[in-house]
Structures are given as structure tokens and as C-alpha cells.
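Okay, here's what each chain looks like letter by letter:
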Amino acid sequence: MTANLEFLKHLQKSTFYNPLLNNELDTQELEIRLDPLTNAQSVFNPRLEDKVAMFYGSSDTALMEKMAAESEPRCFLCEDRWQAMTPTYSSDLVPDGRIQVGEAVLFPNIFPAGQIHAVIRVGRKHYVPLAEFDPVAVTEAFQAAFQFAECLSKDKSVQYLTINANYLGPAGASIAHPHFQIVGGDLPCTYLESVLNRSASYHKANQSCFWSDLVNVEKTAGERYIGASGAVEWLAAFSPQGANEVVGVLPKRSHFLEMDDTDVRNLAAGIVNILHGYADMGISTFNFAVYSGPLGQRDDTIRCFVRIISRQNVYENYRTDDYFLQKLLRNELIVITPEVLARNLQLQFK
Ligand SMILES: [Zn+2]
């Protein structure tokens with residue numbers, strides 16, 4: 001049953017005399033979309049459809065290569081510098097102080113923003129264009145993350161964990177070298193708290209899980225469904241919270257400790273597919289967050305899920321994509337519609 005899962009579009013009109021149309025009276029039609037779980041709004045103006053370059057600029061490949069070459073000699077993730085330059089956990093928590101899986105290395109963030117805040121090196125290479133993100137390197141990084149989650153299961157005060165990424169300056173990264181970050185503790189982050197509460201309310205009202213229903217409805221409707229990597233289902237967010245937002249859901253897993261190695265590999269494979277699809281769209285940056293229900297508690301109201309967005313492209317003096325609309329009004333602008341995004345990304349899952 002999926003009775004209460006609705007994709008609401010609120011229509012508005014905006015009227016003015018437009019100098020681009022000989023000062024004729026112009027009425028532009030706007031579509032305000034409401035997220036089916038959170039009601040978060042996003043705004044689409046069809047007149048922006050061919051204005052992608054105006055909003056996100058073009059990636060300056062030469063500039064990215066120059067900046068990477070300049071920062072590589074002092075990068076603490078390159079070569080074996082991390083052995084001398086990164087902190088370690090106590091052996092009670094992490095037997096060797098850090099977790100190594102292939103080229104991935106996990107260690108504490110030296111300036112934590114949470115009770116738990118670890119950094120994971122993703123591969124040896126200092127600079128990786130999105131088209132070259134390697135499934136093996138990303139899989140090893142996620143394997144390190146989930147080994148760490150197992151270590152943390154000994155500490156009952158750690159109930160909430162997220163696995164996150166910033167890639168390149170416009171996405172908030174302070175270093176070029178690909179890396180993920182695990183943040184968590186005894187409190188869910190603001191967004192997750194809201195999602196947990198709303199997912200519980202949905203379950204109470206419908207006797208079903210919002211996240212499983214979302215996958216079923218989108219898979220049946222098809223216009224925002226992208227594909228599957230094993231058991232992980234990927235779709236374009238109906239009302240995105242950032243540019244080109246993709247949501248991945250594990251319909252059978254409610255928290256990280258339920259995920260097995262196959263799930264971890266499928267999650268990594270799907271994320272790499274999305275990044276390669278972004279690369280084909282000319283995108284050079286991204287953020288993602290992987291969310292989990294409370295660790296160690298089977299909770300039928302929630303499922304593990306991931307959100308990926310693209311950010312402003314890298315070029316000199318780029319303009320931020322996060323202005324009053326997003327930061328203070330908490331609305332998002334849609335430039336590429338989720339339906340077009342889904343068609344663009346489906347190729348990566350074929
Ligand atoms: Zn590096």
C-alpha cells in the first residue's frame with residue numbers, strides 16, 4: 001500500500017514587463033515541488049532549462065590539473081605521508097589504530113565535528129577527474145568505513161553514523177585528494193532526525209516503510225528511476241535538495257550493521273556509476289551522504305539510503321551555488337529536471 005506517498009507540484013505565475021521580449025507583459029510559470037517525506041521545496045522555472053552553463057559554469061580542466069599539481073607535494077594523504085601525519089585511535093577501538101583496506105586508510109579527523117569523525121583516503125591518486133573514479137578504490141574506502149562501524153558497535157553511545165564526501169573546493173573539500181568522512185555519535189544530525197521522525201509517522205499511518213514504498217512507486221512509474229546496482233536502487237529525487245540529486249536506497253537494510261560485503265560493493269558500484277554519469281554531464285564536483293537508522297536496532301520505519309548532489313563546477317572565481325535560497329529559505333532551485341537527470345544517468349546502469 002502506498003496511499004499517502006504523493007508527488008505534489010504547486011504551480012505559481014510571475015508577471016512583469018520583460019525587456020528581453022520588447023517590454024511585453026511576460027508571465028512565467030513556476031513549479032514548486034514538495035518532497036513526499038519532508039515537504040522540502042524545490043523550484044523549477046522552465047525558462048532556465050537551457051541555462052545550465054549560466055548557473056554552474058564549465059569545468060576548467062587545466063585549472064584543476066594545475067591546482068592538483070601544486071598541492072600534491074604537501075598532501076598528507078599521498079604516498080606514505082599519512083603514516084607520520086595522521087592521528088590514530090586507541091587499540092581498544094581500532095586494533096591497529098587505523099584501518100587499512102587496499103589503498104584505503106581510515107583515521108581520526110584531527111579537528112572532529114562530531115563525537116565520531118573519521119577520514120578515509122580513497123585510493124593513492126592525488127587528483128581524480130570524476131570520469132576516472134575507480135570502483136576498486138571506492139569499494140575499499142567503503143569497506144574500511146563498514147569495518148569501522150563494526151568496531152564502533154562495541155561503543156553503545158554511538159547510535160548514529162553517516163558516511164560523507166566533499167569533492168573539490170566548490171563542494172567544500174579542503175584537499176584535492178579523494179577522501180570520505182564518517183560523522184556520528186549519540187545524536188542524529190538535524191536532517192536525519194527529521195527523516196527518522198517523518199518515516200516513523202508515515203509507517204504509523206500506512207503500516208508500510210516510506211523508503212520501500214518510494215522505491216516501488218518510482219520503479220513502477222519509471223520517469224525518475226535510474227537503475228539498480230545489485231540490491232541498491234537508484235532514482236532521481238522528485239524535489240531535490242541540491243543540483244542533480246540522486247537517491248540510492250537499500251530496501252532490505254535498516255542500519256549499517258545489517259549491511260554485508262555484497263551490499264557495500266553494490267553501494268560503491270552505484271556511486272561510481274553516478275559519478276561517471278556526472279562526468280558525462282560536464283560536472284567536476286559532488287557531495288554525498290549515506291544515512292542509517294539507529295545502529296544495532298532493527299527498525300522497520302527506516303532504510304539505509306544515500307543522497308548525492310553535484311555542486312558548482314571548478315573554474316577561477318566560481319560563484320557559490322548555495323545562496324539565500326538554499327541557506328536561509330531552505331528551498332532549492334531545479335535547473336535540470338529530475339526526469340531529464342534520470343534519463344541521462346540510466347545509461348550508466350545498463
Ligand atoms: Zn594527495
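Residues numbered from 1 in each chain as written. Predicted model: local features only at pLDDT ≥ 70, side-chain atom pairs only at ≥ 80, totals over all residues. Heavy atoms only, no water.

(A) Expanded view of the nonpolar core. Residues Phe 142, Phe 148, Ile 182, Trp 234 and Phe 288 are the most contacted members of the largest nonpolar core, which totals 67 residues. Looking at this core, the element that brings in the most residues is helix 4 (residues 135–152), giving 11 residues. Apart from residues no more than four positions distant in its own chain, Ile 182 is found in contact with Leu 106, Ile 116, His 117, Ala 118, Ile 120, Ala 145, Phe 148, Leu 161, Thr 162, Ile 163 and Asn 164. Core analysis: the next-biggest nonpolar cluster, separate from the first, contains 21 residues, Leu 37, Leu 192, Val 195 and Val 247 among them. (Core = buried A, V, L, I, M, F, W, Y, C linked by side-chain atoms within 4.5 Å. Buried < 20%, exposed > 50% of the residue type's maximum accessible area, 1.4 Å probe, protein only. Helix = DSSP H or I, 4+ residues; strand = E, 2+ residues; numbered from the N terminus. Contact = heavy atoms within 4.5 Å.)

(B) Geometry of the side chain of Arg 224. Tracing the backbone shows Arg 224 in the loop between helix 6 (210–221) and strand 9 (225–229). For Arg 224, a relative accessible area of 4% gives the class buried. At 2.7 Å, the side chain of Arg 224 and the side chain of Glu 339 are in polar contact. Other than its neighbours up to four places away in sequence, Arg 224 contacts Phe 7, Arg 33, Glu 218, Leu 235, Ala 236, Ala 237, Phe 238, Pro 338, Glu 339 and Ala 342. (Polar contact = N/O pair within 3.5 Å; in protein donor to acceptor, adjacent residues only side chain to side chain.)

(C) View of the coordination of the zinc ion. Taken together, the protein donors to the zinc ion comprise Cys 75 (SG), Cys 78 (SG), His 126 (ND1) and His 177 (ND1), at separations of 2.1 to 2.3 Å. Taken together, the four donor atoms coordinating the zinc ion span angles of 102 to 118 degrees at the metal, a pattern that classifies the geometry as tetrahedral. Along the chain, the residues donating to the zinc ion are arranged with the sequence spacing C-x2-C-x47-H-x50-H. Highlighted residues: Cys 78 in the loop between helix 2 (61–71) and helix 3 (82–85) and His 126 in the loop between strand 6 (116–121) and helix 4, separated in sequence by 48 residues. (Donors = N, O, S within 2.8 Å, 3.2 Å for Na, K, Ca; no water. Tetrahedral: all angles 85-135°; square planar, octahedral: opposite > 155°, others 65-115°.)

(D) Region of the structure containing the sheet that holds strand 5 (residues 104–108). The strand order across the open sheet formed by 10 strands is 4-5-6-8-7-12-13-11-10-9, and the pairing between neighbours is antiparallel. Looking at the sheet topology across the chains shown, the edges are occupied by strand 4 (99–101) and strand 9. Pairwise comparison of adjacent strand axes, ignoring direction, gives a mean angle of 20 degrees for this sheet. In terms of strand pairing, strand 6 meets strand 8 (residues 179–185) through six bridges, oriented antiparallel. (Pairing = 2+ DSSP bridges. Axes fitted to C-alpha atoms, helices over the stretch in contact; angles between N-to-C directions.)

(E) Structural context of the environment of Leu 152. Looking at where Leu 152 falls in the secondary structure, it is placed in helix 4. Along the chain, Leu 152 and Met 54 lie 98 residues apart, while their C-alpha atoms are 45 Å from each other.

(F) Representation of the packing of aromatic side chains. If you walk through the whole model with that rule in mind, you get 19 aromatic pairs. With 5.4 Å between their ring centres and 85 degrees between their planes, Tyr 202 and Phe 210 make a pair best called edge-to-face. Like Tyr 202, the residue Phe 210 is buried in the burial classification. For the pair Trp 234 and Phe 349, a centre-to-centre distance of 6.3 Å together with 40 degrees between the ring planes defines the contact as tilted. A residue pair is termed long-range when its members are at least 10 positions apart, and Trp 234 in strand 10 (residues 232–236) and Phe 349 in the segment after helix 9 (338–346) qualify at 115 residues. Given the relative accessible area of 0%, Trp 234 is considered buried. Among the aromatic side chains, those forming a connected cluster through ring pairs are Phe 133, Phe 142, Tyr 167, Phe 180, Phe 286 and Phe 288. The cationic tip of Arg 224 hangs over the ring face of Phe 7; the distance from NZ or CZ to the ring centre is 4.7 Å. (Phe/Tyr/Trp six-rings, centres within 6.5 Å; stacked < 30°, edge-to-face > 60°. Lys NZ or Arg CZ within 6 Å of the ring centre and 35° of its normal.)

(G) Inspection of unusual backbone geometry at higher detail. Phi at Asn 22 is positive, roughly 55 degrees, even though this residue is not glycine. Following the sequence through the fold, Asn 22 ends up in the loop between strand 1 (8–18) and strand 2 (24–34). Although it is not a glycine, Asn 244 adopts a positive phi angle of roughly 55 degrees. You can see Asn 244 is positioned in strand 11 (residues 243–249).

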